[in-house]
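# Inside the fold
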Amino acid sequence: MTQIPASSDAPNMGRRQFMNLLTFGTATGVALGALYPVVKYFIPPSSGESGSGVTAKDKLGKPIAASDFRDNHKAGDRVLSQGIKGDPTYVIVKDNGELSGFGLNAICTHLGCVVPWKESDNKFVCPCHGSQYNENGKVVRGPAPRSLALVHTQTSNDGNIVFTPWKETDFRTDKEPWWT
Ligand code: FES
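The notes below deal with the structure included here. (Residues numbered from 1 in each chain as written. Predicted model: local features only at pLDDT ≥ 70, side-chain atom pairs only at ≥ 80, totals over all residues. Heavy atoms only, no water.)

### So, the state of the cysteines
What makes a disulfide is a covalent bond joining the sulfur atoms belonging to two cysteines. The final tally for this structure, using the stated rule, is one disulfide. Residue pairing for cysteine 113: its cysteine sulfur links by disulfide to cysteine 128, the two sulfurs lying 1.9 Å apart. With the S-S dihedral at roughly -100°, the linkage between cysteine 113 and cysteine 128 falls on the left-handed side. Placement of the pair is cysteine 113 in the loop between strand 4 (102-105) and strand 5 (117-118) and cysteine 128 in the loop between strand 6 (123-125) and strand 7 (132-133), with a sequence separation of 15 residues. Judged by relative accessible area, which is 36%, cysteine 128 ranks as partly exposed. (Disulfide = S-S within 2.5 Å. Helix = DSSP H or I, 4+ residues; strand = E, 2+ residues; numbered from the N terminus. Buried < 20%, exposed > 50% of the residue type's maximum accessible area, 1.4 Å probe, protein only.)

Pasting the structure below:
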């Protein structure tokens, strides 16, 4: 049996580990470099609509004209439309027949069902697990942990209803908005 003499020139363990580090370090670098664009590819592109606001659309995707909307709805109505990021959003008619300056994102803060307006009770009542929100979308019964998210409602120059993000204090709780 041949034995390597103790005084051999073969690299010792420390050198082998150094070479391992060099080789696998480089390989890891290449792998990460290749992985980065792949991970980025799977993250959906941003819609770029958060700052400017979006036109409210009806269920067929048509912009909603404010004057038509007022003519066709009565005071106190809360009507679903497509809002920011396509979320179902309530447009509210005030008691004087004018459009309210705020709209409500209809997605229940518990597990995300769309919450219907129950006019007879003057409340939003979630059909999934029974959470309730008052006429301004403030949570009044759980299991939903938070109130419905607010948006600003305005009329654009061409007469359509427009939603813009609500970044100010939540007037129902006097707290910072949880949705921004
Ligand atoms: S999703 Fe609305 S109460 Fe559970």
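Additional details are given in the paragraphs that follow.
### Here's the deal with the sheet that holds strand 5
Pairing in this open sheet of four strands is antiparallel, and the strands run 5-6-7-8 from one edge to the other. Two strands in the sheet have a free side with no partner beyond their single neighbour: strand 5 and strand 8 (139-141). Taken together, the two bridges between strand 7 and strand 8 define a ladder with antiparallel strand orientation. The residue bridging tyrosine 133 from the neighbouring strand is valine 139, located in strand 8. (Pairing = 2+ DSSP bridges.)

### So, unusual backbone geometry
Backbone torsion omega between glycine 142 and proline 143 reads 10°, so that peptide bond is classified as cis. Summarising the element assignment, proline 143 is placed in the loop between strand 8 and strand 9 (150-155). A positive phi angle, near 55°, is found at asparagine 122, a position not held by glycine. With respect to the helices, strands and loops of the structure, asparagine 122 is situated in the loop between strand 5 and strand 6. Phi is positive for aspartate 174, which is not a glycine, with a value near 60°. Along the chain, aspartate 174 falls in the segment after strand 10 (161-165).

### Brief notes about the side chain of serine 81
With respect to the helices, strands and loops of the structure, serine 81 is situated in strand 2 (residues 78-82). Judged by relative accessible area, serine 81 falls into the buried class, the value being 6%. In this view, serine 81 contacts Ala56, Lys57, Ile64, Asp87, Pro88, Thr89, Val91 and Phe163; residues no more than four positions away in its chain are not counted. (Contact = heavy atoms within 4.5 Å.)

### Considerations on the pattern of salt bridges
Tallied over the entire structure, the rule returns five salt bridges. The partner of lysine 74 in a salt bridge is aspartate 77, with the nearest N and O atoms 3.0 Å apart. Here arginine 172 makes a salt bridge to aspartate 170, at a shortest N to O gap of 2.9 Å. Judged by relative accessible area, arginine 172 falls into the buried class, the value being 10%. Taken together, the shared-partner salt bridges connect Lys74, Asp77 and Glu119 into one network. (Salt bridge = Lys/Arg side-chain N within 4 Å of Asp/Glu carboxyl O.)

### Brief notes about a nonpolar patch on the surface
Together, Leu32, Leu35, Val39 and Ile43 line one region of the surface with nonpolar side chains, adding up to about 390 Å² of accessible area. Relative to the assigned elements, leucine 35 resides in helix 1 (residues 13-42). (Patch = residues over 30% accessible without salt bridge, like charges linked within 9 Å, V, L, I, M, F, W, Y side chains within 5 Å. Areas by Shrake-Rupley, 256 points an atom, 1.4 Å probe, with all protein chains shown as cover.)

### Points about the nonpolar core
Ranked by size, the top nonpolar core spans 17 residues in total, and within it Leu104, Val115, Phe124 and Tyr133 carry the most contacts. At the level of elements, strand 3 (88-92) and strand 4 are the ones that each hand at least two residues to this core. Core analysis: the second largest hydrophobic core is formed by 12 residues, Val54, Ala56, Ile84 and Val91 among them. (Core = buried A, V, L, I, M, F, W, Y, C linked by side-chain atoms within 4.5 Å.)

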